Amino acid sequence: MNEDQHNKKALVISGGGSKGAFAGGVVEFLMKEKQKDYDLFLGTSTGSLMVSHLAVGMVDELKMLYTNVNQRSIFSNNPFKIKMVHGVKVISIRHRNTFWNFLNGRKTFGESKNLRKLIRANVTPKMYEIIREQNKEVVVTVSNLTANEIEYKAISECSYEDFCDWIWGSCNYVPFMSLLEKDYCQYADGGFGCLVPIREAILRGAKEVDAIILETEVNQINRMPSKNPFSLMLDVFGFMLEHVEKHNVTIGKLSAKHKDVKLNLYYTPTVLTTNSLIFDKKQMTGWWKQGYDYAKMKDLALTNDFRPDLIDK
């Protein structure tokens, strides 16, 4: 028992919307090829959607899910209009949909009730029971806007219904998606407070952490000038989340060093998208493969001492 506790391993998956497909590819390599077994699974936003499947080893089912979703799978009222301008996807506001939301007294531009149905259909009561029986710990991150706190919701402390709610809340990128109102509080995307919960994994006893961060390690992007208030808001949110991520990783590294924890970081080698709220099946299928190939190359780099970042993908 002590030996197991001493070697407790954690898998941490950051937020990143549709880029979660890349994380799926990385995990497929780690769990299926390297046969890595984890005791703790922590996720924020898109990461929270993945951790239940991974805790029961359902990697293939997760791949099916992540390579088949589209805007309709997520949004019951989609606030985005996507059009191609000079070969680039440009986002603008779908005025009729947002006006309808405001007319109905909603607090957000769009609604993500379809995502709630998707979670219920794919994170089943049977999976919930298996995770609890196996004593795996699955934790999702939510931002409590009312209490101004980051909260970590563990499956061992929640009913099935509540846990589905927390997964949904962790994914809701307000004000573009639904606001979770629960226990007299308002909850939103966990990434607003903690995009990469490495420190939480260490506080929960992990001695080795594999963390998948759905951003590039070094800033590789200069955003195109915003064309409308909607795209400006997305850019501002993107800017803030990128700095939250850097802060989380810095704190995680310091915690790992202080507690003598082995920390393995997996970043995206290139900028996958500048808008992770676009769910494109073809794109996400490609990202899953990129994630798998990247993890494989990183593994080879550790054993053969070559630089995967120098290889032309």
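Basis of the calculations
- Residues numbered from 1 in each chain as written.
- Predicted model: local features only at pLDDT ≥ 70, side-chain atom pairs only at ≥ 80, totals over all residues.
- Heavy atoms only, no water.
- Phe/Tyr/Trp six-rings, centres within 6.5 Å; stacked < 30°, edge-to-face > 60°.
- Helix = DSSP H or I, 4+ residues; strand = E, 2+ residues; numbered from the N terminus.
- Buried < 20%, exposed > 50% of the residue type's maximum accessible area, 1.4 Å probe, protein only.
- Lys NZ or Arg CZ within 6 Å of the ring centre and 35° of its normal.
- Polar contact = N/O pair within 3.5 Å; in protein donor to acceptor, adjacent residues only side chain to side chain.
- Contact = heavy atoms within 4.5 Å.
- Core = buried A, V, L, I, M, F, W, Y, C linked by side-chain atoms within 4.5 Å.
- Arc of directions from axis to C-beta.
- Disulfide = S-S within 2.5 Å.

The final tally for this structure, using the stated rule, is eleven aromatic pairs. Taken together, a centroid distance of 5.6 Å and an interplanar angle of 85° make the contact between phenylalanine 29 and tyrosine 292 edge-to-face. Placement of phenylalanine 29 in helix H2 (residues 20-33) and of tyrosine 292 in helix H12 (residues 281-304) is noted, with a sequence separation of 263 residues between them. For the pair shown, phenylalanine 29 and tyrosine 292 are each scored as buried. Ring centres of tyrosine 173 and phenylalanine 176 lie 5.9 Å apart, and the angle between their planes is 25°; on these two criteria the pair is classed as stacked. Here the two residues tyrosine 173 and phenylalanine 176 agree in accessibility, since each one is buried. Through a chain of ring-to-ring contacts, the aromatic side chains of Phe109, Tyr173, Phe176, Phe192 and Phe237 assemble into a single cluster. Lying across the ring of tryptophan 166, lysine 182 places its NZ or CZ 5.5 Å from the centre. Between lysine 298 and the ring centre of tyrosine 266, over which it is positioned, the NZ or CZ distance is 5.3 Å.

Take the side chain of asparagine 77 next. Tracing the chain through its elements places asparagine 77 in the loop between helix H5 (71-74) and strand E3 (80-85). Looking at asparagine 77, its side chain comes within polar contact range of the side chain of asparagine 97, at 3.0 Å. Those residues in contact with asparagine 77 that lie beyond four places of it in its chain are Asn97, Trp100, Asn101, Gly110 and Glu111.

Looking now at the nonpolar core. Among the nonpolar cores identified, the biggest contains 89 residues, and Leu54, Phe176, Val209 and Ile212 are the most heavily contacted of them. Residue contacts for phenylalanine 176: discarding those within four places in its chain leaves Phe75, Pro79, Phe80, Phe109, Gly110, Glu111, Phe230, Met233, Leu234, Phe237 and Leu277.

Omega for the peptide link from valine 174 to proline 175 comes to 10°, which places this bond in the cis form. Residues other than glycine seldom take positive phi values, yet aspartate 183 does so here, at roughly 50°. Residue position: aspartate 183 is located in the loop between strand E7 (180-182) and strand E8 (185-189). Using a relative accessible area of 52% as the deciding quantity, one classes aspartate 183 as exposed.

Right, let's talk about helix H4 (residues 59-66) for a bit. Inspection of H4 places Val59, Leu62, Leu65 and Tyr66 among the buried residues, and these make up the whole buried set. Buried residues of H4, viewed axially, fall in a sector of 115°; they line one side. Of the surrounding secondary structure, the elements contacted by the buried residues of H4 are H2, helix H3 (46-55), helix H7 (113-122) and H12.

Further remarks concern the state of the cysteines. Considering all chains together, one arrives at zero disulfides under this definition. With no disulfide partner, cysteine 158 has as its closest neighbouring cysteine sulfur the one in cysteine 164, 10 Å distant. Under the relative-accessibility criterion, cysteine 158 is labelled buried at 9%. There is no disulfide at cysteine 185, and the cysteine sulfur nearest it, in cysteine 158, is 14 Å away.

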